Amino acid sequence: MKLADEFELRNNREVTLNVRPIEIGLYHDYVFEGPCRFGRGDELTREHDMMVIEMKSKNDEKMLHDLFDGIPGVNVMDQIVIKRDETFPLNDAMLEKMATDRDDVDLYVFNFTVFGADLAIAFSQKYGKPSMILPTPNNDAHMSAAYRARGLEMHSPATLEEAKKTLVALRARKVMANTRALVVVRNNSVHPVTNYDSFLDHFEVTKKLGTSFTYYNLHEFLDQLHNVAPDTNPTLPGRVADNINDEDEKAVGAMVDEFMTGATVCDMDRDKIVPSMRAHYLVNKLLKKLDCNAFAAPCPDMCATRRLNHEQTTLCLNHTLNNENGVCSACEQDVSALLSMVALSAVSQSAPYMGNTVPVKLDADDELRIKTRIMFRPYSCDEETPRLEEQHADAIMSIYHAVPNRQFKGYDAEQAPYDVRPFAMDGRWGATVRYDFKRDIGEPITLAKFDPTCSKLLVARGTIVGGIGALDENCSEGVFFSVSDGRAFREATMWTGNHTALVYGDWFDEMVLFAESVGLEPLAVG
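Residues numbered from 1 in each chain as written. Predicted model: local features only at pLDDT ≥ 70, side-chain atom pairs only at ≥ 80, totals over all residues. Heavy atoms only, no water.

**With respect to the overall build of the chain**
When helices and strands are counted, the chain shows 17 helices and 20 strands. The principal-axis extents of the C-alpha atoms in the chain amount to approximately 90 × 65 × 40 Å. Residues counted as buried form 58% of the 526 residues belonging to the chain. Pairs at least 24 apart in sequence give 74% of the contacts found in the chain among residues at least 6 apart. (Helix = DSSP H or I, 4+ residues; strand = E, 2+ residues; numbered from the N terminus. Buried < 20%, exposed > 50% of the residue type's maximum accessible area, 1.4 Å probe, protein only. Contact = heavy atoms within 4.5 Å.)

See the structure below:
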């Protein structure tokens, strides 16, 4: 059971970027020649001009459909054609026709027979919508310079392939603005104990990215894990809350059975998995109630209350399952990592991963050494070191957290094999998915992370070269990957912080374009 579908959450997978083609054509009422009017015989007639406008507009519309129709989440709307004579009229009737259904339009793509920048600029000044001009002789430079000089948003890709990537990036921008994150908090709605490198100011994030936030008290959340009368919670006495109920318990039980049955190895008792699945169910009930579509919670802050130990649960499984379902979910209340995951999943249409980022080998002269032996079991480090050396990579990094998922290859891809192991090594509770990243050696990945000021975005290419922790427990799951420049990557993380997010596939160009589209400086490590 996928709870995002069951609860009909406002899923970012369903966000559509609507693109309106506008064709501006010019015809002549009189037969004459001059500096910008040339031809022979019938080519100088009004009828010929009308025929050219008709043919070109149809060809341009077909070209846009051929180019953009295959991009997930992009919809090419009906073309609007504006025809005007050689006196270059510009009036409100023309602008209003161009603005048909403008509230539904995210991007206007302009094409001309000849001359039309004045009309396009007047339209954009009046309605303030983003525009694009495809690579065409004269027009793209003319339009781009004119727009930029006037502070208007104009995208002018150098190639048709770059145009497609730009649309993917702009859809990610729309996804970001469509995101409302449910953030469970203890003492501080911005910084949990472990993440002072997360966003400093959520209001600034909303201003730049459009993302909004709903905060929720962790004790109220944990009380509602109990199947009791919903008006008897200690934190909300007398108020009817959203506690797990008998029907919810049936659904939770069925999900646990499906989860255990699907695993290659399940190294946990059923009753130890149930509390984690119950937490996942409650998270999604609250996402539905509060109209949210992303989630973060402060693991160490919650741990310090001893209530996770009391409830015998962690939120690792919730994060994994949410991420698989298109509802990004992040550890340690790291909202900047969460929104990095949102952007990456939007461009890739696949489930993201996030975790602590640690160098293993900075360059060809650096010693290869797995440095996190506290989290990774020493015997696992000893086993993986020679395997990494066999990859002959000059620069290797690692990311680790026990929240891998089974949909790295795409939301609609076949579910990958997985094991189930506990987070709590002594008590054997806190269900986690264990995924062997070594099965994906050679896979390209894209990494990203916002900096605390929401003014920079790390964007990097990587290639998987190994994995660790699939047979271990606790937060010891991780992936090793090579990058083109280990020192540049490390320096970028000195700006963006400990956690980094990733998705499978090469989406580097799209993420750089996304950063630029929201006014951020890309810290690019290609």
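**Concerning the sheet that holds strand E15 (residues 431-434)**
Read from one edge of the open sheet, three strands run E9-E14-E15, paired in mixed fashion. Every interior strand has two partners, whereas the edge strands, strand E9 (265-266) and E15, have only one. Bridging between strand E14 (residues 419-422) and E15 involves four bridges; their strand directions are antiparallel. Its bridge partner being in E15, Val420 is matched across the sheet by Val433. (Pairing = 2+ DSSP bridges.)

**Observations concerning the pairing of strand E18 (residues 478-482)**
Taken across its five residues, E18 has five buried, putting it largely inside the fold. Here five bridges tie strand E13 (residues 396-400) to E18, and the two strands are oriented antiparallel to one another. Paired with Ile396 across the bridge in E18 is Ser482. Bridging between strand E17 (residues 456-468) and E18 involves five bridges; their strand directions are antiparallel. In the strand pairing of E18, Gly466 is matched with Phe480.

**Some points on the side chain of Arg406**
Summarising the element assignment, Arg406 is placed in the loop between E13 and E14. Relative accessible area serves as the criterion here: at 8%, Arg406 is assigned to the buried category. A polar contact is formed between the side chain of Arg406 and the side chain of Tyr418, at a distance of 3.4 Å. (Polar contact = N/O pair within 3.5 Å; in protein donor to acceptor, adjacent residues only side chain to side chain.)

**Side note on the packing of aromatic side chains**
Within this structure, the stated rule accounts for 16 aromatic pairs. With centroids separated by 5.9 Å and ring planes inclined at 75°, the aromatic side chains of Phe481 and Phe489 adopt a geometry described as edge-to-face. With respect to burial, Phe481 and Phe489 carry one shared label: buried. A connected cluster of aromatic rings, assembled from ring pairs, spans Tyr353, Phe408, Tyr435, Phe437 and Tyr504. Here the basic side chain of Arg46 rests over the ring of Tyr27, its NZ or CZ set 4.6 Å away from the ring centre. Between Lys456 and the ring centre of Trp495, over which it is positioned, the NZ or CZ distance is 4.6 Å. (Phe/Tyr/Trp six-rings, centres within 6.5 Å; stacked < 30°, edge-to-face > 60°. Lys NZ or Arg CZ within 6 Å of the ring centre and 35° of its normal.)

**Side note on the pattern of salt bridges**
All told, the structure shown has 40 salt bridges when counted by the stated rule. Lys126 serves as the salt-bridge partner of Asp92, at 3.9 Å between the closest nitrogen and oxygen. Taken together, the residues Asp92 in helix H3 (residues 92-98) and Lys126 in helix H4 (residues 117-127) connect sequence positions 34 residues apart. Assessed through its relative accessible area of 47%, Asp92 is described here as partly exposed. Residue classification places Lys126 among the partly exposed residues on the basis of a relative accessible area of 43%. With its nearest N and O atoms 3.6 Å apart, the salt bridge here joins Asp440 to Lys409. Of the two residues, Asp440 sits in the loop between E15 and strand E16 (444-450) while Lys409 sits in the loop between E13 and E14, which places them 31 residues apart along the sequence. On the basis of relative accessible area, Asp440 is assigned to the buried category, the value being 3%. Classification of Lys409 as partly exposed rests on a relative accessible area of 47%. (Salt bridge = Lys/Arg side-chain N within 4 Å of Asp/Glu carboxyl O.)

**Observations regarding the environment of Ile396**
Residue placement: Ile396 occurs in strand E13. Considered as a pair, Ile396 and Val358 are 38 residues apart in the sequence and their alpha carbons are 9.1 Å apart. Excluding its chain neighbours within four sequence positions, the residues that come into contact with Ile396 are Pro359, Val360, Lys361, Leu368, Leu388, Val465, Phe480, Phe481 and Ser482.

**Details of the sheet that holds strand E8 (residues 212-217)**
Strand pairing within a sheet occurs via backbone hydrogen bonds; the two strands may be parallel or antiparallel. Overall, parallel pairing links the four strands, which are arranged E8-E7-E10-E11 in an open sheet. With partners counted over all chains shown, the strands left at the sheet margins are E8 and strand E11 (329-330), one partner each. The sheet contact formed by strand E7 (residues 180-185) and strand E10 (residues 294-296) spans three bridges and is parallel. Bridging from a neighbouring strand, Leu182 pairs with Phe295 of E10. Packing of helix H10 (residues 270-289) onto the sheet brings it into contact with E7, E8 and E10, and relative to E10 it is tilted by some 130°. (Axes fitted to C-alpha atoms, helices over the stretch in contact; angles between N-to-C directions.)

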